[in-house]
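For reference, the chains in residue letters:
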Amino acid sequence: MIEELAGKTTNGNSIVANAPELLAEIGPERARQMLQTMMLTRAFEEKAVELYSLGRVHGTMHLSIGQEATAVGANFALTNHDYLLNTHRGHGHILAWGSDVNLMMAEFLGREAGYCRGRGGSMHIADVDANNLGANGIVGGGLPISVGVGLSIKLRKTDQVCLTIFGDGAANEGAFHEALNMASIWDLPIIYLCENNQYAMSMAVQRAFNIDRISQRACAYNITGVTVDGNDPLAVYQAVREAKARAQAGNGPTLIESLTYRWKGHSKSDREAYRTRDEVREWQQRDPIPRFAAVLNLAQKEVDALQAEAQALIEAAVVFAENSPEAELSTILEGVYA
Amino acid sequence: MRELTYAEALREALRQKMAADERIFLIGEDIGVYGGAFAVTAGLFNEFGENRVIDTPISEAAITGACIGAALTGMLPVGEIQFMDFVTLSMEQLVLQAAKIRFMFGGKATVPMVLRMPGGSGTGAAAQHSESLENWFVHVPGLKVVMPSTPYDAKGLLIAAIEDENPVIFVEHKLLYRTKGYVPEEMYRVPLSQTNVVRQGRDLTVVATSIMVPRTLEAAEKLAQEGIELEVIDPRTLNPLDEKPIVESVIKTGKALVVHEAVKTGGFGGEMVSRIVESEAFDYLDAPVRRLAGLDIPIPYNRNLEYHTVPQVETIVEEARKLAHGAY
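Owing to the predicted nature of the structure, the values given are computational and were not obtained by experimental measurement. Here the residue numbering is sequential within each chain, running from 1 through the sequence in written order. As they are written, the chains are lettered A onward and the ligands numbered 1 onward, keeping that order. Where local features are concerned, this predicted model is filtered to residues with pLDDT of at least 70; where side-chain atom pairs are given and counted, the filter is 80 or more; whole-chain, interface and lining totals use all residues.

*Asks:* I would appreciate a short explanation of the overall build of chain B in the present structure.
*Replies:* The secondary structure content of chain B amounts to 12 helices and 14 strands. Computed over C-alpha atoms, the radius of gyration of chain B comes to 19 Å, within 12% of the 20 Å expected from 2.2 N^0.38 for 328 residues, which places it in the range of a compact globule. Each of the three principal axes of chain B carries a C-alpha extent, and together these read 60 × 45 × 40 Å. In chain B, buried positions account for 56% of the 328 residues. Nonlocal contacts in chain B, meaning residues at least 24 apart in sequence, comprise 79% of its contacts between residues at least 6 apart. Here a strand is any run of E in DSSP of at least two residues, a helix any run of H or I of at least four, and the numbering for each starts at the N terminus. Computation of the radius of gyration draws on C-alpha atoms alone. For the globule rule, the value is 2.2 Å times the number of residues to the power 0.38. With C-beta atoms placed from the backbone, the exposure class of a residue follows from how many other C-beta atoms lie within 10 Å of its own: 20 or more, buried; 12 or fewer, exposed; in between, partly exposed. Any pair of residues counts as being in contact when their C-beta atoms, constructed from backbone geometry, are within 7 Å of one another.

Laid out in structure tokens, this is it:
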């Protein structure tokens, strides 16, 4: 059951045919929020790079620049009543979940005020109270956990769903098979969103799969599989919204493949020897931010204002984070056991 | 006094907790109508139904993940890994997820789950169905590791493990399932991290785990006839370890032997010896602290070879006698 929704996406316009209806449903205020959340994500990550190069943070980070539409489209189709499991490349997912950018920046800087008291860092931001069950540093690590969340929802008989985001790399882990099979046999309310950014570190999807679309794998589990333009937040929104309805109707999980592209390297150590500059440039022509701004038909002045506001939020977050105390050495042993 | 087998005691713990708390469910391979490979969950499927006793496909990583995800969202899952050997297929979920979620998320998440699994040799099941891997988990902060040696402890520790807010690795022993002992009917707890001095003795402290506890007690009765009195200690929870009673015992006896079934190299015995020699008991030692453990080999199939791979009553008698008589 593969629905092919992707198409040529270089013309700068949303390819979802029913964009006007979707925008009417979302409403202008929330649509602007979607755009601004993409801007905020990009500003967060650009600031992250800057802080790293200035030596103000250590470690590594995984940037989702270029992929912002997928996070935003998916999360805006859900509520904080639902659950989120996401990945190491997760800043955008978490911001789109509505998390506090100050607490995120504080976590990124390893501060006590951060979401995880500076213990998790960029790769492990969670906010369990807000049903964000955490970003996972292990490729496919969240997939088996999703089964338990889905089972819990089913046993507690609530109308929640669990959005489980993973990458193309995770689709080749054994955990993918175990999880999707279990979710399917028990009709668990899970939305499996595979963010196909074309590379698992340096491994191109063309080399790692012998199928055209990762969503084809849905056939193996007798669930619905969809491929969408991951640089169009409306396309992702629509697919996730439909998957949520399917899950809530008791029809089980959906596998959504979101086609997008990672503009930056895998992490800070990546010299990108496995791809060409032309390829990166070609995808940069499909930048989801100006593309969605065009769909919204906003005046440049409005776009600039949203962008300036996002930038200001990031600058304020850095001030907040840098004024927060470092994680206290005397608390190093805390939190291992409850 | 009412007697139950170790398996019946475990089942009673599950039944009583499930009846008392709707958040508890069981999940694992063949635990439903089949009743579990070792019949621990027999009858519970009929009593509680398919939503509380959940049969899974053969997917150990997903069973473990299902426990983690459910635990994170308000449920109290009890998973079963059919043989401890198969927990190797759950290692990522246990070690990198269950154990770390709380710490990694700044102490703001809890993962209250129990993963039960039978370990140990002696059933003729050979190398891939006889492992004793408990020390792998002892090495992972965030996990608790429990090994009951009697029906009484099996019930009380399982109830305590289910009520604990942390991921607990609950290691049962296949040869203990049919052993009988006193088990009260009421719902009682044996607290985690509480070492048990099982037998008092003046000559030698023997720290034993799981099936080595009854074997050491049998050895102690034989040695008592020779005038050697063993003090037998069962840590019950390997991590976090309650080491005080062990240190106090070694101060009293001046000699210590650690007995476990798992292979010696990298086993829990090494940790136990270190705890003793790093403590104030060091000054009281009259002999080297010794370890009696499984040979550093996979478990062989042949009955005689299998028997001689792990400590038995007679090898414990021999080693304890030598240590007590100053042979080292």
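There is more to say, and it comes next.
*Asks:* Any chance you could explain the sheet that holds strand β12 (residues 237-239) of chain B here in plain terms?
*Replies:* Hydrogen bonds between backbone groups are what pair the strands of a sheet, and the pairing can be parallel or antiparallel. All names here are of chain B. Between any two strands, at least two bridges found by DSSP are needed for them to pair. What the 7 strands build is an open sheet, ordered β3-β2-β4-β5-β7-β6-β12; its pairing is mixed. The outermost strands of the open sheet, each flanked by one partner alone, are β3 (53-55) and β12. Strand-to-strand twist of the sheet, defined as the mean angle between neighbouring strand axes without regard to direction, takes the value 20°. For strand β2 (residues 24-28) and β3, the ladder comprises 3 bridges, and the chain directions are parallel. The residue of β3 that forms the bridge with Ile 27 is Ile 54. Lying over the sheet, helix α7 (residues 151-163) contacts β2, β4 (76-80), β5 (114-119), β6 (144-146) and β7 (168-173), oriented at roughly 160° with respect to β7. Convention adopted: a line fitted to C-alpha atoms gives each axis, helices being fitted over their contacting stretch, and angles between N-to-C directions are expressed from 0 to 180 degrees.

*Asks:* Looking at this structure, how should I read the nonpolar core?
*Replies:* Buried together is how nonpolar side chains tend to be arranged in soluble globular proteins. One nonpolar core equals one set of buried Ala, Val, Leu, Ile, Met, Phe, Trp, Tyr and Cys residues connected by C-beta atoms within 7 Å. Among the nonpolar cores identified, the biggest contains 199 residues, and Val240(A), Ile256(A) and Ala320(B) are the most heavily contacted of them. All the domain ranges listed were derived from an automatic or database domain assignment. Among the domains, domain 1 (3-182) and domain 2 (196-324) of chain B are the pair contributing at least three residues each to this core. Each residue touching Val240(A), except ones within four places of it in the same chain, is listed here: Gly73(A), Ala74(A), Ala77(A), Leu78(A), Ile191(A), Leu193(A) and Ile256(A).

*Asks:* Help me understand the environment of Gly150(A), please; the structure alone is not making it clear to me.
*Replies:* Residue and element names in this part refer to chain A. Mapped onto the fold, Gly 150 is located in helix α6 (residues 142-156). When the C-alpha positions of Gly 150 and Ile 191 are compared, they lie 9.7 Å apart, and in sequence the two are 41 residues distant. For Gly 150, the residues in contact, after removing those within four places along its chain, are Cys 162, Ala 183, Leu 188, Pro 189 and Ile 190.

*Asks:* Which parts of the structure should I look at to understand the interface of chain B and chain A?
*Replies:* In many analyses, interface size is given as the accessible surface area lost on bringing the parts together. Contacts between the two partners involve 37 residues from chain B and, on the opposite side, 34 residues from chain A. When contributions to the side of chain B that touches chain A are tallied by element, the ones reaching two or more residues are α3 (60-72), α4 (91-98) and α5 (101-104) of chain B. Looking at the side of chain B that touches chain A element by element, the count peaks at 10 residues for α3(B). When grouped by side-chain class, the residues that make up the side of chain B that touches chain A number 18 nonpolar, 15 polar and 4 charged. Side-chain classes follow a simple rule in which Ala, Val, Leu, Ile, Met, Phe, Trp, Tyr, Cys and Pro form the nonpolar group, Asp, Glu, Lys and Arg form the charged group, and the remainder, Gly included, forms the polar group.

*Asks:* Explanation requested: helix α5 (residues 101-108) of chain A in the structure shown.
*Replies:* Each full turn of the α-helix corresponds to 3.6 residues, which orients residues three or four apart in the same direction. Residues and elements named next belong to chain A. Burial of α5 is extensive: 8 of the 8 residues sit out of reach of the surface. The inward-facing, buried residues of α5 contact α2 (28-53), α4 (91-96) and α12 (300-322). Looking one or two residues beyond α5, the residue adopting positive phi is Gly 110, at roughly 70°.

Read these as spatial facts, not as claims about activity.
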